[in-house]
Amino acid sequence: MPIDHPVHPTATPPLLAYFPAIVCVVCDSPVDALIALCVRREEAMRLVAASWAGGGAECIVATLHGGRTIAVLRTPEGRWAACNAFLDEFFATPQAAGRRLAELLRRGRHGYVGHVRRE
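Residues numbered from 1 in each chain as written. Predicted model: local features only at pLDDT ≥ 70, side-chain atom pairs only at ≥ 80, totals over all residues. Heavy atoms only, no water.

Chemist: Looking at this structure, how should I read the overall build of the chain?
Modeler: Secondary structure summary: the chain contains 3 helices and 5 strands in total. Along the chain, helices and strands appear, N-terminal first, in the series β-α-α-β-β-β-α-β. Restricting to contacts in the chain with at least 6 residues of sequence separation, those with at least 24 account for 64%. About 7,200 Å² of surface is accessible on the chain, with carbon and sulfur atoms providing 54% of the total. (Helix = DSSP H or I, 4+ residues; strand = E, 2+ residues; numbered from the N terminus. Contact = heavy atoms within 4.5 Å. Areas by Shrake-Rupley, 256 points an atom, 1.4 Å probe, with all protein chains shown as cover.)

Structure follows, in structure tokens:
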């Protein structure tokens, strides 16, 4: 399978799957970033606590009521980017997800390539 193609459910999934995410706002904590994306404070606290229980996470992904998929990603500067995540297709490499991100970005917006573990 060429690396430019999304990972298909019938293929053996890689250890990591990559996805594009467009930044809405950057915050100082993952809780603040989730709240900025309209997640209730109690639920934001539960999501962050669950990510820490798994050994800490650089990425928290959730689906909001109504089906919008969001991600909170740790930035290279150590802050947290609250993002709209595009999880309709996963990519085998960060480069492939980056190419898709470049197609999605418009009018000065910026984004990141996130990743999740595939089991």
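The structure having been displayed, the exposition proceeds.
Chemist: Help me out: how do you make sense of the sheet that holds strand 4 (residues 80–85) in this one?
Modeler: What links the strands of a sheet is backbone hydrogen bonding, and the strands pair in either a parallel or an antiparallel sense. Strand order in the open sheet made by the 5 strands is 2-3-4-1-5, with antiparallel pairing throughout. Both edges of this open sheet fall to strand 2 (59–63) and strand 5 (111–117), since each of them pairs with a single strand only. When the angles between neighbouring strand axes are averaged without regard to direction, this sheet yields 35°. Examined bridge by bridge, strand 2 and strand 3 (residues 69–74) share 5 bridges and lie antiparallel to one another. (Pairing = 2+ DSSP bridges. Axes fitted to C-alpha atoms, helices over the stretch in contact; angles between N-to-C directions.)

Chemist: What am I meant to see in the packing of aromatic side chains here?
Modeler: Pairs of aromatic rings are described using the distance from one ring centre to the other and the angle between the two planes. For the coordinates displayed, the defined rule picks out 1 aromatic pair. Taking 6.5 Å as the distance between ring centres and 80° as the angle between the ring planes, the aromatic pair formed by Phe19 and Phe90 counts as edge-to-face. Taken as a pair, Phe19 in strand 1 (residues 16–27) and Phe90 in the loop between strand 4 and helix 3 (94–104) lie far apart in primary sequence, 71 residues in all. Of the two residues examined, Phe19 and Phe90, each falls in the buried class. (Phe/Tyr/Trp six-rings, centres within 6.5 Å; stacked < 30°, edge-to-face > 60°. Buried < 20%, exposed > 50% of the residue type's maximum accessible area, 1.4 Å probe, protein only.)

Chemist: What exactly am I supposed to notice about the pattern of salt bridges here?
Modeler: In total, this model carries 4 salt bridges according to the counting rule given. Here Glu43 and Arg46 are joined by a salt bridge, their closest N and O atoms 2.8 Å apart. Taken together, the residues Glu43 and Arg46, both in helix 2 (residues 41–53) and 3 residues apart, mark about one turn of the helix. Connected via shared salt-bridge partners are Glu89, Arg100 and Glu103. (Salt bridge = Lys/Arg side-chain N within 4 Å of Asp/Glu carboxyl O.)

Chemist: In this structure, what is going on with the nonpolar core? I would like to understand it.
Modeler: One broad rule of soluble globular proteins: the nonpolar side chains tend to lie buried together. With 15 residues, the main nonpolar core has Ala33, Leu34, Val39, Ile70 and Val72 as its most contacted residues. Of all the secondary structure elements, the ones that give two or more residues to this core are helix 1 (30–36), helix 2, strand 2, strand 3 and strand 4. Considering every element that reaches this core, the biggest residue donor is helix 1, with 3 residues. With near-sequence residues (within four places) excluded, Val39 lies in contact with Leu34, Ala44, Leu47, Leu64 and Ile70. Ranked by size, the runner-up nonpolar core spans 12 residues in total, among them Ala17, Ala71, Ala85 and Val116. (Core = buried A, V, L, I, M, F, W, Y, C linked by side-chain atoms within 4.5 Å.)

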